[in-house]
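# Architecture at a glance
This is what each chain is made of:
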Amino acid sequence: MKTCTILLLALALLGLGAPRAGAQTAPAAAAPTATAPKRQLQAVRISEAIKLDGVLDEAMWQQAPVATDFIQNRPKPGPHEQHPTEVRILYDDAAIYVGAIMHDVAPDSIKRELSARDNLPNTDFFGIFLDTYHDKLNGYGFIVTAGGVQADARYSPASGEDFAWNAVWDARTAQRGTDWVAEMRIPYSAIRFSTAEVQQWGLQFMRQRQALRQGFFWSEVKPEVDGFVNQWGELTGLKGLKPPLRLSLTPYISGYVNHNPLNAEGTRRTTTSFNGGADVKWGINESFTLDATLVPDFGQVQSDNQVLNLSPFEVQFQENRQFFTEGTELFNKGNLFYSRRVGATPIGFYGVGLADNEKLVRNPAETRLLNATKISGRTSKGLGIGLFNALSNDVYATVRNTESGEEREVLTQPFSNYNIAVLDQSLKNNSYVSLINTNVTRWGSTYDANVTGGLFRFANKKNSYAVDGSLVYSRRRGTQFGSDKPIDDQNGFKYTVGVGKISGNFTWGFNHRIESDHYNPNDLGILFGNNNITQSAYANYRIFKPFWKVNNMNFYSEVGHQLLYRPTRYQNMYFYNGFNTTFTKNFLQVGYDFMHVPVSHDFFEPRTFPLGDYYVRVPANTDWIGFLNSDTRKRLSVGVNAGATYYSQDERLPGPRPRRLRYRAGFYPRFRVNDHLTFRYSLDWSLQRNQIGYVNGGLSADEPLDLPFRGQILLGRRNVATVTNVAQVAYTFTNRMSFTLRVRHYTSNVRYQDFTVLKEDGQEFLADYRRNRDNTYNAFNVDAVYSWWFAPGSQVNIVWKNAGNTYLLAEQATPQYFDNFNNTINTPHNNSLSVKVLYYLDYLALRRRR
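### Quick notes on the environment of Gly 99
Within the fold, Gly 99 resides in strand S5 (residues 95-103). Separated by 233 residues in the primary sequence, Gly 99 and Asn 332 have C-alpha atoms spaced 34 Å apart. Setting aside residues up to four positions removed in sequence, Gly 99 forms contacts with Leu 56, Trp 61, Glu 86, Val 87, Arg 88 and Ala 182.

As structure tokens, then:
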């Protein structure tokens, strides 16, 4: 799986340093592009085979020109490398070959920690980057560590550095005294390029010397320059390349044994299942590729981090399904695609109606996909085209009559089609224009949804200023599921516009955004709240070169103001400031984030629509968090953060009302036993005192104590304590075989102190409400994964998953942490053991064998 260690590389490539524990991300800085001529390297065509063994002993390697004299990007931008790197490129009719020699000072200066694929821990690595259409916006990255672990990525304006993308290629490494050698074979089937007889590609190499945390690039990458791909050099000498027939099939078989002690009475608690399907990849032409998954099986993906949600908005979960994370940079344009909608919880999952003598026997929480297909690519003129389509079948819940035993099925999700179409034209000067359309069509008596958006970004020739923006229209037609009531948000829109200085140590910008009250992209996207008018301005100052005792220094500030769109009413404003720096000798990173928010009006918390009459008044508050990360090269490294939010006194009620406070802290140690075994632990704790919010669960007609307050908005003053523990162990046997174990326990306790009734214009009145609304939520997950890449693109996975949760109400709620932990452990859990085998079949390889 891709883990946070990938972010270290991403930031390294952009010259931004390591991520900060608990900190907000500062906007990227930029500066004028360099005027020096681009570096060039000539590739040499060969006719004899290259043996991939990490030994550059074939005579052809000595005939190729050498790329050397790399330039440091971090921690001190500018100096040339003292320990040379030598890179050569060969090619034939099938692949590009890369041979790299990394000279060093001593064998023990070469760090070689092993990890799973696409993870880059405490290790040296080498990478090659290719811009095959030379549009200076989009590219491929292929990386191999000193221990032979492979990683790959795509680069685009939409997704930045996307390590979710995977290609089938191969590499071997070897250590020779004070040097280490990387030999790579990148087949043409892994990349896309034009049919021109003579081609020139964008080219970049990177070397990481982890002993000193130094990153070097062949073509200088200045951290103050906006963009990454536009700073690459050029690869010449490519003649007569013929894009191959890119056709591959990856069939899979999988078997599951599931034990769920909570299954309804009269159903089997231990079940088995066997599945089969395939992923197909077909190069339609030299530019476009079709990817399809037939009868997909996503049962082995990492468990979601379930939480207690007290907010009026849904929880956004991370996408872990490879088909929806790999090569989706075009579909992510404009943030209109939230892939978790595809195969999500059925829209009628929570609305299954039961008679008095009925009980719910089965209610699937996920929609099984029939297939999913995507076509994507970019022409030689820079036009990117993407098409995505997925189909899901009907989903039914099963209801049983407790007296007769008869069962009936209730439709919770109709047969549905999900579709996305994207056009993205790359322009000069890191600019682009894009058009995106998303569509959801459901069979039967319910509603369909369509969203269309246009995006643009224009930068000047010097890459010093840019303007960007978007215009999006949402359209929904039909009736609410299971009802004759028409959809009430049929038409909506959103537009954004921004302008800023993107160059130099000092950058700034202004942004304006409007989301109408009926704007709703949530059928295939995600939006937490519409009906907003937002303006903001930011200014950043960054020092990239070391001075005094630090490597760099970053200051960033922002001010924003938000109104309700309809009716036009004040919501909030904020003042934000942040800072971080990294010390030169010990690579200790420290920083803080600070925010002040004057009195604000929360129109969403009362859960009443249309918005405008009711809001929860939030007193002025000041938030601060500080963070520290130690040197990750050490066997023991630690990240910590701590912060607090201090609210002004709210004197509107007699008492006066106790002051609101919020405290939080995080502790993230990592211990590397050796290059194979690593332990990680994370602890997140927060305590909110006297928080005011909508009483979760609402009011029920079946509760006598709720009846006097039905029809009113009930708020509660509550203390909320949340603790999250995650323990992980990773053992990497070889660069192609690994085992990971992840255990997560989450607990959140809500203890109500008193209650108020909310009236118009934020007025609250004490309420004599007697029902105990305390609650405790616990979630426990275990994910154990053994993975073996036994051949390029082929894999065996053995996964054990254990999951359990409890939701305790009123007197059953347990405020003590260890009581919750024991309760969670002793609660019956759902267990699943699965084996999945994927085998990569490439048409060209099979033809060569014949």
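### Section: the side chain of Gln 571
With respect to the helices and strands, the residue Gln 571 is situated in strand S31 (residues 569-583). Residue classification places Gln 571 among the buried positions, given a relative accessible area of 3%. Residues contacting Gln 571, with those up to four places away along its chain left out, are Asn 531, Asn 532, Gln 562, Leu 563, Leu 564, Ser 600, His 601, Phe 603 and Phe 604.

### Let's talk about the nonpolar core
The biggest cluster of nonpolar side chains holds 39 residues, and the ones touching the most others in it are Phe 126, Ile 128, Phe 142 and Phe 205. At the level of elements, strand S4 (85-91), S5, strand S6 (125-131), strand S7 (139-145), strand S11 (179-187), strand S12 (198-209) and strand S14 (233-239) are the ones that each hand at least two residues to this core. Phe 205 has contacts with Leu 41, Ala 67, Phe 70, Val 87, Ile 89, Phe 126, Gly 127, Ile 128, Phe 129, Phe 216, Phe 217 and Trp 218, leaving out every residue within four places of it along the chain. Ranked by size, the runner-up nonpolar core spans 22 residues in total, among them Leu 336, Phe 388, Ile 420 and Val 472.

### A word on the sheet that holds S11
If you walk across this open sheet you meet the five strands as S2-S4-S5-S11-S10, and the pairing is mixed. Single-partner strands in this sheet number two, and they are strand S2 (44-45) and strand S10 (170-176). As defined by bridge partners, S4 adjoins S5 across seven bridges and the pair is classed as antiparallel. In the sheet register, Val 87 faces S5, and the bridge partner there is Ala 100.

### Topic: the sheet that holds strand S18 (residues 358-362)
Spatially, three strands are ordered S18-S21-S22 in an open sheet, and the strand pairing comes out antiparallel. Whereas interior strands pair on both sides, the edge strands pair on one side only; in this sheet they are S18 and strand S22 (407-413). Ignoring strand direction, the axes of neighbouring strands in this sheet form an average angle of 35°. Pairing of strand S21 (residues 395-401) with S22, which is carried by six bridges, proceeds in the antiparallel orientation. Bridging from a neighbouring strand, Arg 400 pairs with Glu 407 of S22.

### Details of the pattern of salt bridges
For side chains of opposite charge, pairing can occur when their charged atoms come near one another. In the structure shown here, the tally under the stated rule is 38 salt bridges. Between Arg 340 and Asp 304 there is a salt bridge whose closest N-O contact spans 2.7 Å. Pair noted here: Arg 340 is in the loop between helix H3 (322-325) and S18 and Asp 304 is in the loop between strand S17 (288-294) and H3, with a separation of 36 residues, a long-range link. Arg 340 sits in the partly exposed class, given a relative accessible area of 21%. Counted as one network, the salt bridges with shared partners bring together Arg 442, Arg 476, Asp 489 and Asp 523.

### A short note on the packing of aromatic side chains
According to the stated counting rule, one finds 44 aromatic pairs in the structure shown. Consider the rings of Phe 193 and Trp 201, whose centres lie 5.5 Å apart with planes at 45°: the pair is tilted. For Trp 201, a relative accessible area of 0% translates into the label buried. Ring centres of Phe 709 and Tyr 769 lie 5.3 Å apart, and the angle between their planes is 90°; on these two criteria the pair is classed as edge-to-face. You can see Phe 709 sitting in the loop between strand S38 (677-694) and strand S39 (713-734) and its partner Tyr 769 sitting in the loop between strand S41 (764-767) and strand S42 (775-791), a full 60 residues away along the chain. For the pair shown, Phe 709 and Tyr 769 are each scored as buried. One aromatic cluster is present, formed by Phe 298, Phe 323, Phe 324, Phe 331, Phe 337 and Phe 388 through successive ring pairs.

### What about the environment of Ala 390?
Residue position: Ala 390 is located in strand S20 (residues 383-392). Separated by 47 residues in sequence, Ala 390 and Gly 343 have C-alpha atoms that sit 9.1 Å apart. Aside from chain neighbours lying at most four places away, what touches Ala 390 is Val 342, Asn 371, Ala 372, Ser 416, Asn 417 and Tyr 418.

### Here we look at a nonpolar patch on the surface
A contiguous nonpolar surface patch, about 560 Å² in accessible area, is contributed by Ile 253, Val 257, Ile 798, Trp 800, Leu 833, Val 835 and Val 837. Taken together, the elements giving at least two residues each to the nonpolar patch come down to strand S15 (247-259), strand S43 (794-809) and strand S44 (830-838). The element that contributes the greatest number of residues to the nonpolar patch is S44, accounting for three residues. Assignment of secondary structure puts Val 837 in strand S44. Given the relative accessible area of 30%, Val 837 is considered partly exposed.

### Observations concerning the pairing of S44
Across a regular strand the side chains alternate sides, sitting on one face of the sheet and then on the other. In this sheet, S44 lies alongside S15 in antiparallel orientation, the contact comprising eight bridges. Its bridge partner lying in S44, Ile 253 is registered against Val 837. For S43 and S44, the ladder comprises nine bridges, and the chain directions are antiparallel. Across the sheet, the residue bridging to Asn 797 is Lys 836, located in S44.

Criteria and thresholds
Residues numbered from 1 in each chain as written. Predicted model: local features only at pLDDT ≥ 70, side-chain atom pairs only at ≥ 80, totals over all residues. Heavy atoms only, no water. Helix = DSSP H or I, 4+ residues; strand = E, 2+ residues; numbered from the N terminus. Contact = heavy atoms within 4.5 Å. Buried < 20%, exposed > 50% of the residue type's maximum accessible area, 1.4 Å probe, protein only. Core = buried A, V, L, I, M, F, W, Y, C linked by side-chain atoms within 4.5 Å. Pairing = 2+ DSSP bridges. Axes fitted to C-alpha atoms, helices over the stretch in contact; angles between N-to-C directions. Salt bridge = Lys/Arg side-chain N within 4 Å of Asp/Glu carboxyl O. Phe/Tyr/Trp six-rings, centres within 6.5 Å; stacked < 30°, edge-to-face > 60°. Patch = residues over 30% accessible without salt bridge, like charges linked within 9 Å, V, L, I, M, F, W, Y side chains within 5 Å. Areas by Shrake-Rupley, 256 points an atom, 1.4 Å probe, with all protein chains shown as cover.

From the geometry alone we can't say anything about function, so treat these as descriptive.
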